[in-house]
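# Fold and contact review
Next come the chains, spelled out residue by residue.
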Amino acid sequence: MLLLFSISFTQLSAQTLKRKYRGIYAGQIPSYEVKFGQGTNTVSECELKMYLSRDSLKLEIGTYRYASAYTLEIAEQDLILTASREESGIPERIILSPRTKTMLRKGHYPQPDATLIRIGKLPRR
């Protein structure tokens, strides 16, 4: 009975991201258009930087910065990270490709998706 309980408890524990996938990722959100009533506004492209650690991520989009914990889900060949955003309630969804060590940040409509490339390691604590 005790053995069964310990096995089931380890199966429920949260998965962490392997060290080789942690680091600093950077990319660009391409420009896009937003429709307001009768007119449209163009949003210029913006730099995106993500610091991915063992249990949290820090996201910088232009001057907007926030940090959050994430959950890890293993898909067929990719890792899907889902992080909550403090004020919006809309989760941030990031798909990490282990083979290429690139990320795809799913944009929130009408914002397009952005590809991020690993540019370095995180500084030691």
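What counts and what doesn't
- Along each chain, residues carry numbers from 1 onward, in the same order as the chain's sequence is written.
- Totals for whole chains, interfaces and linings use every residue, but because this is a predicted model, local features are given only for residues with pLDDT of at least 70 and side-chain atom pairs only at 80 or more, for both listing and counting.
- Neither water nor hydrogens contribute to the side-chain values; these are computed over all heavy atoms in the structure.
- Runs of E in the DSSP output that reach at least two residues are strands. Runs of H or I that reach at least four are helices, and both are numbered from the N terminus.
- What sets the accessible areas is the Shrake-Rupley method with a 1.4 Å probe; for residues, cover comes only from the shown protein chains.
- Strand pairing requires that DSSP identify at least two bridges connecting the strands.
- Partly exposed residues are those whose accessible area sits between 20% and 50% of the maximum for their type, while under 20% is buried and over 50% is exposed, using a 1.4 Å probe and protein chains only.
- What makes two residues a contact is simply this: any of their non-hydrogen atoms within 4.5 Å.
- Between Lys or Arg on one side and Asp or Glu on the other, a salt bridge is scored when a side-chain nitrogen of the former is within 4 Å of a carboxyl oxygen of the latter.
- The rule is short: rings of Phe, Tyr and Trp, with Trp giving its six-membered ring, pair when the centres are within 6.5 Å, and they are stacked under 30 degrees, edge-to-face over 60, tilted in between.
- Placement of a positive charge over a ring is assigned whenever Lys NZ or Arg CZ falls within 6 Å of the ring centre and within 35 degrees of the normal to the ring plane.
- The pLDDT value tells you how sure the predictor is about a given residue, anywhere from 0 up to 100.
- We define the nonpolar core as a collection of buried residues of types Ala, Val, Leu, Ile, Met, Phe, Trp, Tyr and Cys that are connected through side-chain atoms lying within 4.5 Å of one another.
- Between the N-to-C directions of two axes lies an angle of 0 to 180 degrees, each axis being a line fitted to C-alpha atoms and, for a helix, fitted only over the stretch in contact.

Turning to the overall build of the chain, a few remarks are in order. The helix and strand inventory of the chain stands at 1 helix and 10 strands. The helix and strand sequence of the chain, counted from the amino end, reads α-β-β-β-β-β-β-β-β-β-β. In the structure as shown, the chain presents an accessible area of about 9000 Å², 54% of it carried by carbon and sulfur atoms.

Turning our attention to the pairing of strand β10 (residues 114–120). Where strand β1 (residues 23–29) and β10 come together, 4 bridges link them in antiparallel fashion. Each bridged residue has a counterpart across the sheet, and for glycine 27 the counterpart in β10 is leucine 116. Summarising the sheet, strand β9 (residues 102–105) and β10 pair through 4 bridges and their orientation is antiparallel. Residue methionine 103 lies in a different strand from β10, and its bridge partner there is leucine 116.

Within the secondary structure, serine 97 is located in strand β8 (residues 92–97). For serine 97, a relative accessible area of 14% translates into the label buried. Not counting residues within four places of it along the chain, the set of residues in contact with serine 97 comprises Asp78 and Thr102.

Evaluated as defined, the whole model comprises 4 salt bridges. Here lysine 58 and glutamate 60 are joined by a salt bridge, their closest N and O atoms 3.7 Å apart. Accessibility expressed as a relative area gives 37% for lysine 58, which makes it partly exposed. The class of glutamate 60 is buried, set by a relative accessible area of 13%. For the salt bridge of aspartate 113 with lysine 106, the shortest nitrogen-to-oxygen distance reads 3.3 Å.

As a further point, take the packing of aromatic side chains. Within this structure, the stated rule accounts for 1 aromatic pair. Here the basic side chain of lysine 58 rests over the ring of tyrosine 51, its NZ or CZ set 5.4 Å away from the ring centre.

With 88% of its residues at a pLDDT of at least 70, the chain reaches an overall mean of 85. In the model, residues 1–13 has pLDDT below 50 throughout and makes 0 contacts with residues more than four positions away in sequence or in other chains.

Attention shifts here to the nonpolar core. Grouped together as the largest cluster of nonpolar side chains are 23 residues, with contacts concentrated most on Leu17, Tyr25, Met50, Leu52, Leu57, Leu96 and Met103. Contributing elements (two or more residues each) for this core: β1, β2 (32–36), β4 (46–52), β5 (56–61), β6 (64–74), β7 (79–83), β8 and β10. Apart from residues no more than four positions distant in its own chain, methionine 50 is found in contact with Gly23, Ile24, Tyr25, Leu57, Lys58, Leu59, Ile94, Met103 and Leu116.

Now for the sheet that holds β1. Either a parallel or an antiparallel arrangement is found when strands of a sheet pair, and the pairing is made through backbone hydrogen bonds. In spatial order, the strands read β1-β4-β5-β6-β7-β8-β9-β10; together these 8 strands close into a barrel with antiparallel pairing. Taken over all neighbouring pairs, the strand axes of this sheet differ in orientation by 30 degrees on average, direction set aside. Sheet analysis places β6 next to β7, joined by 5 bridges and oriented antiparallel. Residue pairing for β7: threonine 71 is matched across the bridge by threonine 82.

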